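The lines below spell out each chain.
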Amino acid sequence: MKKLISLNVNGIAHELAVEPRRTLLELLREDLGLTGTKKGCGIGDCGACTVLVDGVATFSCLTLAIQVNGCSVETVEGLTKDGKLSRLQQAFVDHGAIQCGYCTPGMLMTTTELLRRNQHPKEQEIRKAISGNLCRCTGYQKIVEAIQEVARSENEEI
Amino acid sequence: MAKENPQGNKFNVIGKASPRVDAIDKVTGRARYGADHSRTGQLYGAVLNSPYPHAIIKSINTERARALDGIRAVLTHADIPGAKSFGGIVPHQMVLCSGKVRYVGDAVAIVAAETPELADKAIELIEVEYSPCPVVSDPEQALSPSSPLVHEDGNLCAHHKVRKGDIETGFKNSDFVIEHEYTTQKVEHAYIEPEAVLAEPGENGGVTITGSVQNLYSIRRAVASVLNLPLNRVRVIQATLGGSFGGKDEAMSAICCRAALLALTTGRPVKMVNTREQSMRESYKRHPYKMRYKVGVSNDGILQAMEIKIIADAGAYAATSQFVTWRSVVQATGPYVVPHVKTDIYAAYTNNCYTGAMRGFGSPQICFAVESLMDELAAQLGLDPFEMRLRNTLKDGSITATGQKLTHRVTLDEALRNVTSAGGFKAKWLANREQDSASPIKKGIGISCSYRGVSLGAEGADAAGVGISLQTDGSAVVTCGLVDMGQGAATTISLVVAEELGLSSDKIVFLNADTTVMPDSGPTVASRTSFMAGNAARVGSTILKDRIAPVAADMLKCKASALVFCHDFISAGSSRITLAQLAAECFRRGISLSAHGWYKSPKTTWREEDGTGDAYFTFVYGANLAEVEVDIHTGRVIVTKFISCHDVGKVLNINGAKGQVYGGVAMGMGYALLEAYAEEDGQPKLGNFDEYLLPTICDMPQTEVIFLEGDDPLGPYGAKALGEPANEIAAPAIANAVANATGRRVRELPLTLERVLLGKNLIPGRERGSAMAKGAES
C-alpha cells in the first residue's frame, strides 16, 4: 500500500504517495524526473547515486523513499544557483575532472558535503572522503586536483 | 622532449587545455544517458537467463507468465521474425536460445510488462526444462579431441600464426634459452553505467533505439536482420555513454535486438536497463590468456629466437575473438627485433562467459608476458632491465616480427630513456636489491614498454566520416559516425573543426551519433577516433572552407589565398568580416553551408598463411615506470609512484590526453593487483562491485605524464593514438617492480596477496567458507 510522504528536494516541497519498497533513487529519477542522480551498482558500492539528505552524503539506492519523509534532499541539479555553476562544478570543468561523467554527480555531492564541514581538507582527507565513489575513466587524479583548487580558496562558497 | 607543448604552438586551439564540450552537461546532471530516456506509456523489458552454462533446452512453457495481469508480451526464439542469431564475425549468438544454451548469460525468454516489478515476476513464472550437458571450462582441454563440443563445428574459434626466419636456427644461434608460462585473468570493463536502451516503434514500420551503444552500425545490422527490416528502418541513436572501454560494442546487440523485438510486438516503447549483476553475467570480458614463451638469447643480450604459443578463452561465442587474437599475434614478440619467430595463438570455445573487445584488445596480455620475460632475461644475463631492452628495441627502419619495415620515426628508446631518467631507475633498481632485511616493507621499481599498431590495421575496412553544418549566425553543428564514450572524442573532433574554420570551440555543438545522420564509420575502437575522425574533420572543414572562401574574398575584395580564418573572423590585411557575416552571405547566395568529410586509412597488407605483412599503417610507442612498496609479511602491494610516457604523434587536447593516461594507468593497476572475474565450471562467482574490486582513489599513486610528439605524417596535425597504449603496459611495470622488491617473480595476474606472499593463489572452495568449514571439521 502506498504511503504519503513529504520532502523538500533542491528547495522545492513535494508531497508524494510512494510504495514502501520504492528507493529514494527511484523517487528522484522516475517520480521527479531528476535523472542527474545515477544508478551504477544498486548495492551502495559505486557511489554514483550519492545525494545529500539533510546535508549528509547518502546512497540513494540503499535508502527507501519513506525513510526521507520530512527530510531535505539535495541532488546534482540543485548545485547550480541562478544558472551559475558552483565553484566545485566549475573546478571539475576547468581541470578536466570528467570523462564519461557517470560518476560525476555522486562525486560532486560527496565532495560538497566534505567541503561544507571542512573548508580546507588536506589531500588525504579528500581521498578518504571520495574513496566510496568509483570512477573507471579518470584515474581520479584530476578529480583531486579540482577539489584541491576549491579547498585552497578562502571563498566560503562551495 | 617536453611535458606539454614541445614544439611551441602554432595552433589556435589544438594542443591547448580545452574544457570538454560536454563538461557543463555532465556537472549539472543535464547529460542524458541510456537509462535517462523514457517515454509516456513505455513498457519494461526483462530477460530470463539460463541457470546452466551448458544444457539442452527440452521445453519452454510461458503460459503462467502470459496469464499475469500487466504482461504485454512473453517471447521466445519462435517469435523472432528474421535471423535468430547475430555476431559481427561469426553470426552464431542467439537472441533467444533454442536447442542449447552455452553460457549462463544466454537468454531463453523475454518479457515486456507495465512495471519492472511485474516483468521480474513474469520471468519467475516461465518454466524451462533443461537437460544439462558436460561443461567445458578449460580452454586448453576444450581443444583436445576428447572434449565435449560447445559448437557443433568444433571448439577452435581462431588460430593465427606468425613465421619469421627459422626458429631452429634461432635457438642454435642462442647461448641460452629460457622458457616460461604466463597467465592473465578474465576481467570486466566495469563501466559505471550498466547497459540501457529504449526501443520505440517508428512511424515507418521500423524501430528507433536510443541507448548506451558504442558501435551504432553493427547494432543496426543486427537489429535489422533479426527483425527482418531494411537498414533504413532501423535508427540507432547514441545516448551519452557512461563508459564503455570496448564493452558496449557488440554486446549491446543482444539487449537492442530484444528491446526492439518487444517494442515491435507490443507497438509500445520498451525500456531495458541492466542491473549490475545482469551486466556482469551477460556482457563479454577481456580474454584470459595462457602464454608459453621459449626465448633464445646470445651472451651479448641480443634476442635470437622466440617461440610463442598462446591459448585464449573465447568463452561461449566468437564475438571479436578472431580480431583480438590477431592483434596479439602481430605484437606478441613485444617491441623488439627478433630474427627468428614462431608464434601460434589459439582461441577456444568454452562454456565460460564469452570474451571480446576491451581496451587494449589483445595487447595487455602479451605485454604482461613479454615485459616480464625481458626482466627475467636481464636477470639471467646480469644486465639491468633498461639496458636489456635497449639492446633489442625496435629502431628506425627495423623489421617487425611480421616482416614490416618501420618507415616512420621510432621513438621507443626515447620513451624508455624518459621514464628511466625521470624515475631515477637504475640507481633505485640496484639499491632495492640490497634492502635492509629487518623491515617487512620492501621497495621495488619496474619498467615496461610497448609498440602498438594504430587503428584497425589489416582487420578490415577502416574509414570514418564527420559532418559539419555552419549556421548563419556563425555557430556550427558537428557530428560524427564515431562516438564519444567518455574518452573525449566530441571535444577532439570539435577542436579540429574549430582550428580549421577559425571558430571558437564554444560556438560548436557536437551531436551524439545517429545512424540516420552519418554513414557507417565502423566501430569506435582501436584508439582510432582521433586519427580517423580527426582526419575526416579536417577533410570536411577543408571542403567547407574552400566553398565559402571565395565569397569571403569577394566581400573583402582580396584573393582567397590572402584570407585568415581565426577567432570567428575572416581577415585580409586590416579589413575583416565575422564568420557569421560570411555564413549569412553564403546562405543568401545559395551556397551550401554543410559538408561531409570522409577519410579512409592508408593501406595495410596481411598474408594469413605465414603471418606476414604491413599489419598496421603506423605504430605508437610508450614506456611506463612503477614504484611499489611490498609488505612481505602480508603480500600487500602499494603503488607509490607511476610515470607514463607515450608518443602520441601530437597532443590535440592536453586535458583529454592526460585524462586518458591517468585512467589507463588506473585500469592497468586494477589488472595488475585487484581484478579477476572468477568463474567455476562456467558459473560466475561474483556479480557486483562488492567482490569485483576496482581501484579506488586511495589505491592511486601520483602519476607523472610525459608526451612525445613525433609528428606522424599521416595523422591530423601528426596525432596518432593514446587510449589503449595508456592502459596496456601498466600491469607489467608493476609486476616487474614487485619482483625487484621481493626477488621473486609472479607469472600470473592479478598479483594478489597470496601470489605475492606464497607464489600461488589460494583457490576458494565451491561454497563460500567451505574451506574453513572443512578445516574446522578436521
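Remember, predicted model here, so these are calculated numbers, not experimental data.

Caption draft 1: Expanded view of the overall build of chain A. Counting secondary structure elements, chain A contains 5 helices and 5 strands. Counting from the amino terminus, chain A carries its helices and strands in the arrangement β-β-α-β-β-β-α-α-α-α. The C-alpha atoms of chain A give 15 Å as radius of gyration, which agrees with the globular expectation for 158 residues (15 Å, within 12%). The buried share among the 158 residues of chain A stands at 55%. Long-range pairs, those at least 24 residues apart, make up 60% of the contacts in chain A between residues at least 6 apart in sequence.

Caption draft 2: Main features of the overall build of chain B. Regarding its fold elements, chain B presents 21 helices and 30 strands. Against the globule reference of 28 Å for 778 residues, chain B gives a C-alpha radius of gyration of 27 Å, in line with a compact fold. Overall, the C-alpha framework of chain B stretches about 85 × 70 × 50 Å when taken along its three principal axes. Of all 778 residues assigned to chain B, the portion counted as buried reaches 60%.

Caption draft 3: View of the interface of chain B and chain A. Each partner contributes to the interface: chain B provides 42 residues, whereas chain A provides 39 residues. Its residues assigned to classes, the side of chain B that touches chain A comprises 19 nonpolar, 15 polar and 8 charged.

Caption draft 4: Inspection of the environment of W598(B) at higher detail. Residue and element names in this part refer to chain B. Along the chain, W598 falls in strand 25 (residues 594–600). It is 5.8 Å that separates the C-alpha atoms of W598 and A464, two residues lying 134 residues apart in sequence. The contacts of W598, once residues within four sequence positions are left out, are A463, G465, A536 and V539.

Caption draft 5: Spotlight on the domain arrangement of chain B. Residue and element names in this part refer to chain B. The domain boundaries assigned to chain B delineate domain 1 (34–133 + 204–267), domain 2 (135–187 + 285–360), domain 3 (407–455 + 616–778) and domain 4 (463–600). Between the C-alpha centres of domain 1 and domain 3 there is a distance of 37 Å. At the interface, 4 residues of domain 1 touch 4 residues of domain 3. Of the residues in the side of domain 1 that touches domain 3, the class split is 3 nonpolar, 1 polar and no charged.

Caption draft 6: Region of interest: helix 12 (residues 412–423) of chain B. All names here are of chain B. Here helix 12 contains 12 residues, and its C-alpha end-to-end distance of 17 Å stays within 8% of the 16 Å for a straight helix at 1.5 Å per residue. Looking only at helix 12, the buried set comprises L412, A415, L416, N418, V419, T420 and G423. Where helix 12 is buried, its residues touch helix 11 (385–390), helix 13 (425–432), strand 18 (441–453), strand 26 (619–631), strand 27 (636–647) and strand 30 (702–708). Trailing helix 12 by a residue or two, G424 shows a phi angle of about 60°, which is positive.

Caption draft 7: Region of the structure containing the sheet that holds strand 1 (residues 43–49) of chain B. Residues and elements named next belong to chain B. Strand order in the open sheet made by the 7 strands is 3-7-1-14-11-12-13, with mixed pairing throughout. Only two strands of the sheet have a single neighbouring strand rather than two, namely strand 3 (71–75) and strand 13 (234–238). The average angle at which neighbouring strand axes cross in this sheet is 20°, direction not considered. With 4 bridges joining them, strand 11 (residues 196–201) and strand 14 (residues 270–273) adopt antiparallel strand pairing. Its bridge partner being in strand 14, A199 is matched across the sheet by V270. Sitting on the sheet, helix 7 (residues 252–266) touches strand 1, strand 3, strand 7 (107–113), strand 11, strand 12 (207–211) and strand 14, and the angle it makes with strand 11 is about 30°.

Caption draft 8: Layout of the sheet that holds strand 8 (residues 127–132) of chain B. Read across the open sheet, the 3 strands follow the order 6-2-8 (chain B); overall the sheet is antiparallel. Two strands in the sheet have a free side with no partner beyond their single neighbour: strand 6 (100–101) and strand 8 of chain B.

Caption draft 9: Layout of the pairing of strand 30 of chain B. Residues and elements named next belong to chain B. When you tally the buried positions in strand 30, you get 5 out of 7 residues, the bulk of the element. Note: strand 27 against strand 30, 7 bridges, orientation parallel. Bridging from a neighbouring strand, F642 pairs with T703 of strand 30.

Caption draft 10: Structural context of the domain arrangement of chain A. Residues and elements named next belong to chain A. Taken domain by domain, chain A consists of domain 1 (3–77) and domain 2 (87–152). When each unit is reduced to the centre of its C-alpha atoms, the spacing between domain 1 and domain 2 is 21 Å. Opposite the 15 residues of domain 1 that make contact, domain 2 presents 13 residues. Elements supplying a minimum of two residues to the side of domain 1 that touches domain 2: strand 3 (50–53) and strand 4 (56–59). Residue contributions to the side of domain 1 that touches domain 2 peak at 3 residues, all from strand 3.

Caption draft 11: Region of the structure containing the pairing of strand 1 of chain B. Residues and elements named next belong to chain B. By the criterion of burial, strand 1 is predominantly enclosed, with 6 of the 7 residues buried. Here 2 bridges tie strand 1 to strand 14, and the two strands are oriented parallel to one another. Counterpart to L43 in the pairing with strand 14 is V270. Bridge analysis of strand 1 against strand 7 gives 6 bridges, and the strand direction is antiparallel. Bridge pairing links Y44 to A113 in strand 7.

Caption draft 12: Representation of the nonpolar core in the model. Membership of the largest hydrophobic core comes to 306 residues, with the highest contact counts inside it found for V111(B), V223(B), A260(B), I734(B) and V738(B). Top contributing element to this core by residue count: helix 7 of chain B, with 11 residues.

Caption draft 13: Molecular detail of the packing of helix 9 (residues 321–331) of chain B against helix 10 (residues 363–381) of chain B. All names here are of chain B. Across the interface, helix 9 lies against helix 10 with an axial gap of 9 Å and an inter-helix angle of 30°. Compared by their axis directions, helix 9 and helix 10 come out roughly parallel. Along this stretch, helix 9 crosses helix 10, giving a crossing that reads as right-handed. Residues R327, S328 and Q331 of helix 9 touch helix 10, and the partners they reach there are S363, Q365 and I366. A breakdown of the residues in the contact of helix 9 with helix 10 according to their chemical character gives 1 nonpolar, 4 polar and 1 charged.

Caption draft 14: Examining helix 19 (residues 730–742) of chain B more closely. Residue and element names in this part refer to chain B. Here helix 19 is 13 residues long and its end C-alpha atoms lie 19 Å apart, about the 18 Å a rise of 1.5 Å per residue gives. With 13 of 13 residues buried, helix 19 lies mostly within the body of the structure. Positive backbone phi, approximately 75°, marks G743, located one or two places after helix 19.

Caption draft 15: Examining unusual backbone geometry more closely. Residue and element names in this part refer to chain B. Cis geometry is found at the peptide bond from L749 to P750, where omega equals -10°. Position of P750 among the secondary structure elements: in the loop between helix 19 and helix 20 (753–758). We note that D681 has phi near 50°; this positive angle belongs to a residue other than glycine. Residue placement: D681 occurs in the loop between strand 28 (679–680) and strand 29 (683–684). Judged by local crowding, D681 falls into the partly exposed class, with 13 C-beta atoms found within 10 Å.

Caption draft 16: Here's a closer look at the packing of helix 17 (residues 654–674) of chain B against helix 19 of chain B. All names here are of chain B. It is the contact of helix 17 with helix 19, at a shortest axis distance of 7 Å, that shows an interaxial angle of 50°. Taken as axis vectors, helix 17 and helix 19 run oblique relative to one another. Where helix 17 crosses over helix 19, the handedness of that crossing is right-handed. Two secondary-structure elements touch here, helix 17 through G664, V665, G668, M669, Y671, A672 and L673 and helix 19 through A730, A731, I734 and A735. The class makeup of the residues in the contact of helix 17 with helix 19 is 9 nonpolar, 2 polar and no charged.

The rules we used
- Residues numbered from 1 in each chain as written.
- Chains lettered and ligands numbered in written order.
- Predicted model: local features only at pLDDT ≥ 70, side-chain atom pairs only at ≥ 80, totals over all residues.
- Helix = DSSP H or I, 4+ residues; strand = E, 2+ residues; numbered from the N terminus.
- Rg over C-alpha atoms; globule rule 2.2 N^0.38 Å.
- Buried ≥ 20, exposed ≤ 12 C-beta atoms within 10 Å, placed from the backbone.
- Contact = placed C-beta atoms within 7 Å.
- Nonpolar A, V, L, I, M, F, W, Y, C, P; charged D, E, K, R; others polar.
- Domains from an automatic or database assignment.
- Expected span 1.5 Å × (residues − 1).
- Pairing = 2+ DSSP bridges.
- Axes fitted to C-alpha atoms, helices over the stretch in contact; angles between N-to-C directions.
- Core = buried A, V, L, I, M, F, W, Y, C linked by C-beta atoms within 7 Å.
- Parallel < 35°, antiparallel > 145°, perpendicular 65-115°, else oblique.
- Left-handed = near helix turned anticlockwise from the far one by under 90°.

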